2 protein chains.
Amino acid sequence: MFGALADATRRDIVRRAIDGEQGILELAGHYPMSFAAVQKHVAILERAGLVTKERIGRRKVVRANLEGVLMVRRLLDRYEELWRSRIGRMADLLADDAPPAQKEIDR
Amino acid sequence: MFGALADATRRDIVRRAIDGEQGILELAGHYPMSFAAVQKHVAILERAGLVTKERIGRRKVVRANLEGVLMVRRLLDRYEELWRSRIGRMADLLADDAPPAQKEIDR
DNA sequence: GCTAGATACAACCGTATGGTTGTATAATTG
DNA sequence: CAATTATACAACCATACGGTTGTATCTAGC
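Residues numbered from 1 in each chain as written. Chains lettered and ligands numbered in written order. Predicted model: local features only at pLDDT ≥ 70, side-chain atom pairs only at ≥ 80, totals over all residues.

Engineer: So what's going on with the protein's contact with DNA strand D? Residues and values would help.
Structural biologist: Surrounding DNA strand D, one finds 21 residues, the nearest of these being A:Ser34, A:Ala36, A:Ala37, B:Gly23 and B:Leu25. Those elements that place two or more of their residues in the surface near DNA strand D are helix H4 (35-47) of chain A together with helix H3 (24-28), helix H4 (35-47) and strand E2 (59-64) of chain B. No other element matches the four residues that H4(A) contributes to the surface near DNA strand D. Grouping the constituent residues of the surface near DNA strand D by class yields seven nonpolar, seven polar and seven charged. (Near = placed C-beta within 6 Å. Helix = DSSP H or I, 4+ residues; strand = E, 2+ residues; numbered from the N terminus. Nonpolar A, V, L, I, M, F, W, Y, C, P; charged D, E, K, R; others polar.)

Right, dumping it as structure tokens:
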């Protein structure tokens, strides 16, 4: 998933897919590369679960998959939580620390 | 940044860096690859701003950089927001839609 | 059913990436 | 300061990746 988002073109496709109903050919129009290249990018995003394709008429409309974006975000949330809990543990350690004898505190 | 997180080893290093005070050699112990390889991974994470190195004695301790993680998350938040505002716009459209004449609604 | 439109897929190419080994630099220890 | 520990860096290799072109499939319209 992170891999899928690691490419700028793909991130932009996701962005456009969020509020567009664009077919692949239309999407390809926005980028300085061939239709096939864009097609590959969409395929990668699709496999990563960040985007879905739906046949509409003779086109296949690309739609962003909110679930996918949320999935990635959740991972990052876990990292943040790990961090905060670490900070928490450090604070706990300091708090649990019974005030040592005066001579050790002062100075 | 997404690129930096696109590798499983690097994600694990970030995880360990969150609550560890591990040097690179210690980190390398966890993975089936050479010290130099891990060193490169750390360098990539560092360039991406996800991790910092601090010299402590003869080691260089690797610490996760919360700022970096939050940065990536913020990007995903923007995607989510785009999505929700799109849903919002669609809802608005439906709401703004003045009830058409009866003949158009029924049937 | 034939033609045109839109997508799919395979083969190929150059470069970036993840890995290796080897050598050099920094900091601790005796 | 010599020896050891921990990190840095360069050169190299195989493979993955982003791009191309060419051909095949599927749908719409006449």
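There's more to say after this.
Engineer: Give a description of the interface of chain B and chain A that names residues and reports values.
Structural biologist: Counting residues at the interface gives 20 residues for chain B and 20 residues for chain A. Broken down by secondary-structure element, the contributors of at least two residues to the side of chain B that touches chain A are helix H1 (2-5), helix H2 (8-19) and helix H5 (66-96) of chain B. Per-element accounting of the side of chain B that touches chain A gives the leading share, 11 residues, to H5(B). Residue classes in the side of chain B that touches chain A are distributed as 14 nonpolar, one polar and five charged. (Contact = placed C-beta atoms within 7 Å.)

Engineer: Give me the lowdown on the protein's contact with DNA strand C, citing residues and values where you can.
Structural biologist: Lining the immediate surroundings of DNA strand C are 22 residues, of which A:Gly23, A:Leu25, B:Ser34, B:Ala36 and B:Ala37 lie closest. Going through the elements one at a time, helix H3 (24-28), H4 and strand E2 (59-64) of chain A together with H4 of chain B are the ones with two or more residues in the surface near DNA strand C. Here the surface near DNA strand C gets five residues from one element, more than from any other, and that element is H4(B). Of the residues in the surface near DNA strand C, the class split is eight nonpolar, seven polar and seven charged.

Engineer: Explain the pairing of strand E1 (residues 51-56) of chain A to me, using residue names and the numbers behind them.
Structural biologist: Pairing of E1(A) with E2(A) involves six bridges; the strand directions are antiparallel. For A:Val51, the partnering residue across the bridge sits in E2(A) and is A:Ala64. (Pairing = 2+ DSSP bridges.)

Engineer: Can you tell me about the nonpolar core, naming the residues and giving the values?
Structural biologist: Among the nonpolar cores identified, the biggest contains 42 residues, and A:Val14, A:Val51, B:Val14 and B:Val51 are the most heavily contacted of them. Not counting the four nearest positions on each side in its chain, A:Val14 is found in contact with A:Leu45, A:Leu50, A:Val51, A:Ala64 and B:Tyr79. (Core = buried A, V, L, I, M, F, W, Y, C linked by C-beta atoms within 7 Å. Buried ≥ 20, exposed ≤ 12 C-beta atoms within 10 Å, placed from the backbone.)

Engineer: How would you sum up the packing of helix H2 (residues 8-19) of chain A against H4(A)? Please name residues and give values.
Structural biologist: All names here are of chain A. H4 packs onto H2 with a crossing angle of 70° between their chain directions and a minimal axis gap of 10 Å. One way to sum up the angle between H2 and H4 is to call them roughly perpendicular. For the pair H2 and H4, the contacting residues are Thr9, Arg10, Ile13 and Val14 in the first and His41, Val42, Ile44 and Leu45 in the second. Taken together, the residues of the contact of H2 with H4 sort by class into five nonpolar, two polar and one charged. (Axes fitted to C-alpha atoms, helices over the stretch in contact; angles between N-to-C directions. Parallel < 35°, antiparallel > 145°, perpendicular 65-115°, else oblique.)

The values reported here are purely geometric and, on their own, carry no functional implication.
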